[in-house]
Amino acid sequence: MRYNDIATLLFHTPLEDLLRRADALRRRHHGDHVYVRGLLEFGNVCICNCRYCGLRHANTRLPRYRLSPRDILSIAETIAASGADTIVLQSGEDPSLPATALAPLISTIRERTGLAVTLSVGERPRADYALWKDAGATRYLLKHETADPDLYARLHPGRTLAERLRCLDDLIDLGYATGSGFIVGLPGQTPEILVKDILLARALGVKMCGVGPFIPQADTPLREAPPGSVALTLRVMAVLRLALPHAYLPATTALATLDPVAGQRDGLRAGGNVLMPSFTPDKYRGNYRIYDNKACIRLEEVKEAITRAGRTHSLR
Ligand code: 5AD
Ligand code: SF4
């Protein structure tokens, strides 16, 4: 698939055709099963200043938290009991969390629950990724966010797309099932950049790819920017399914923010085959405010969305 093929699918193919093709391909390669990942947002401390994100370091209005290893373990047990396939340990980029502190937690979760461990804790030296791999982590999520180097640099002060790609290369090289993803409707994004996002995900050969619409957050420099289109996000998901037939494609929380059940169901109909309910404790949920009105996707809504989409799961 080349640039022009993707551009045609994305911008000129009638929506019904696109969704039908994506849905057929999803069924052929994955069947009707929906994979469920239990998401634990275990800390919101972040040194980065991504201009779109409410967790950015410069946002002093956000109360910060870090869950204790004890709490993390007990939530891992809850996730295992729910029947989810994996625990996703996600946090802001927090260098004060030493790699050597996360490693024993990973091995204990593996021993006590048997859950696959997915990490999503940002950019780190290769040695950290290697340590966590040895401890038993098998999957890693690190979105490339945007495939355009200039837009990337403008939105991520002090960071470069090249560094991001170095991290993704390291993760893939170390044998992680690696996931990327990007945001649809970022201020400054052009249709050409969106095509490049899909091409990059394909070139990296990622095993997972999460896309969601941009949603403005009041305590960020992009507070006044218009939100990304949900309809376009669904088109992007469908094209991703055609470009990456074997990949795991989640219906993201951002997609579900306007209407949790309908948003997730639509994502499942646009080629998606993964949902990510949150197991973050209620008292911290409000502080993981990446964007405003962030939905909290609970297990019950996940089950309902799967049923409404006519699909199957192995949740208890
Ligand atoms: N709108 C949509 N998605 C966002 N993210 C961060 N801020 C926003 C926003 N304002 C996404 C990024 C990041 C993930 C944790 O949340 O893609 O990787
Ligand atoms: Fe930090 Fe991730 Fe938000 Fe960037 S997107 S500010 S790295 S939590």
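Structure: above.
Below is a summary of the structure that appears in this document.

Basis of the calculations
Residues numbered from 1 in each chain as written. Chains lettered and ligands numbered in written order. Predicted model: local features only at pLDDT ≥ 70, side-chain atom pairs only at ≥ 80, totals over all residues. Heavy atoms only, no water. Near = heavy atom within 4 Å. Nonpolar A, V, L, I, M, F, W, Y, C, P; charged D, E, K, R; others polar. Helix = DSSP H or I, 4+ residues; strand = E, 2+ residues; numbered from the N terminus. Buried < 20%, exposed > 50% of the residue type's maximum accessible area, 1.4 Å probe, protein only. Salt bridge = Lys/Arg side-chain N within 4 Å of Asp/Glu carboxyl O. Polar contact = N/O pair within 3.5 Å; in protein donor to acceptor, adjacent residues only side chain to side chain. Disulfide = S-S within 2.5 Å. Core = buried A, V, L, I, M, F, W, Y, C linked by side-chain atoms within 4.5 Å. Contact = heavy atoms within 4.5 Å. Pairing = 2+ DSSP bridges. Right-handed = clockwise from strand over helix to strand, strands pointing away.

### Some words on the site of ligand 2
Around ligand 2, a shell composed of Cys-46, Cys-48, Cys-50, Cys-53, Leu-55, Arg-56 and Gly-92 is seen. Taken together, the residues of the shell around ligand 2 break down into five nonpolar, one polar and one charged.

### Digging into unusual backbone geometry
A positive phi angle, near 70°, is found at Glu-145, a position not held by glycine. Checked against the element boundaries, Glu-145 lands in the loop between strand 4 (137-141) and helix 6 (149-155). Classification of Glu-145 as buried rests on a relative accessible area of 12%.

### With respect to the pattern of salt bridges
In total, this model carries 23 salt bridges according to the counting rule given. A salt bridge links Glu-304 to Arg-308; the shortest N-O distance between them is 2.5 Å. Remark: Arg-308 and Glu-304 occur in helix 12 (residues 299-308); sequence separation between them is four residues, near one turn of the helix. Among the residues examined, Glu-304 registers a relative accessible area of 34% and is labelled partly exposed. The network of salt bridges with shared partners includes Glu-93, Glu-123, Glu-145, Arg-159 and Arg-164.

### Some details on the site of ligand 1
Looking at ligand 1, the residues that line it are Tyr-52, Cys-53, Lys-143, Glu-145, Ile-183, Pro-213, Phe-214, Ile-215, Ile-290 and Tyr-291. Taking Tyr-52, its main chain carries an N or O atom lying 2.9 Å from a nitrogen atom of ligand 1. One nitrogen or oxygen atom from the main chain of Ile-215 is found 2.7 Å from a nitrogen atom belonging to ligand 1. Grouping the constituent residues of the shell around ligand 1 by class yields eight nonpolar, no polar and two charged.

### Things to note about the state of the cysteines
Following the criterion strictly, the structure yields zero disulfides and no others. Sulfur of Cys-48: no disulfide; nearest cysteine sulfur belongs to Cys-46 and is 4.2 Å away. In this structure Cys-48 comes out as buried when scored by relative accessible area, which is 9%.

### What about the nonpolar core?
The tendency in soluble globular proteins is for nonpolar side chains to be buried as a group. If you look at the biggest cluster of nonpolar residues, it comprises 100 residues, and the most contacted ones within it are Leu-119, Trp-132 and Leu-240. Broken down by element, the residue count for this core peaks at eight residues, all from helix 9 (residues 230-243). Leaving out residues up to four positions away in the same chain, Leu-119 has contacts with Leu-89, Leu-102, Ile-106, Trp-132, Ala-137, Arg-139, Tyr-140, Leu-141 and Tyr-176. Core analysis: the second largest hydrophobic core is formed by six residues, Leu-39, Leu-141, Met-208 and Met-276 among them.

### Focus: the sheet that holds strand 3 (residues 116-120)
Within the open sheet, the seven strands sit side by side as 6-5-4-3-2-1-7. Their pairing is parallel. A single partner strand is all that each edge strand has here, and the edge strands are strand 6 (208-213) and strand 7 (274-275). In this sheet, strand 7 lies alongside strand 1 (residues 35-43) in parallel orientation, the contact comprising two bridges. Along strand 7, the bridge assignment pairs Tyr-35 with Val-274.

### Considerations on the pairing of strand 4
Each regular strand carries side chains that alternate between the two faces of the sheet. Judged from the three bridges that link them, strand 3 and strand 4 form a sheet pairing that is parallel. The partner of Leu-119 across the bridge, within strand 4, is Tyr-140. For the crossover from strand 3 across helix 5 (residues 126-135) to strand 4, the handedness is right-handed. The pairing of strand 4 with strand 5 (residues 177-184) spans three bridges and is parallel. By the bridge assignment, Arg-139 is partnered in strand 5 with Ala-177.

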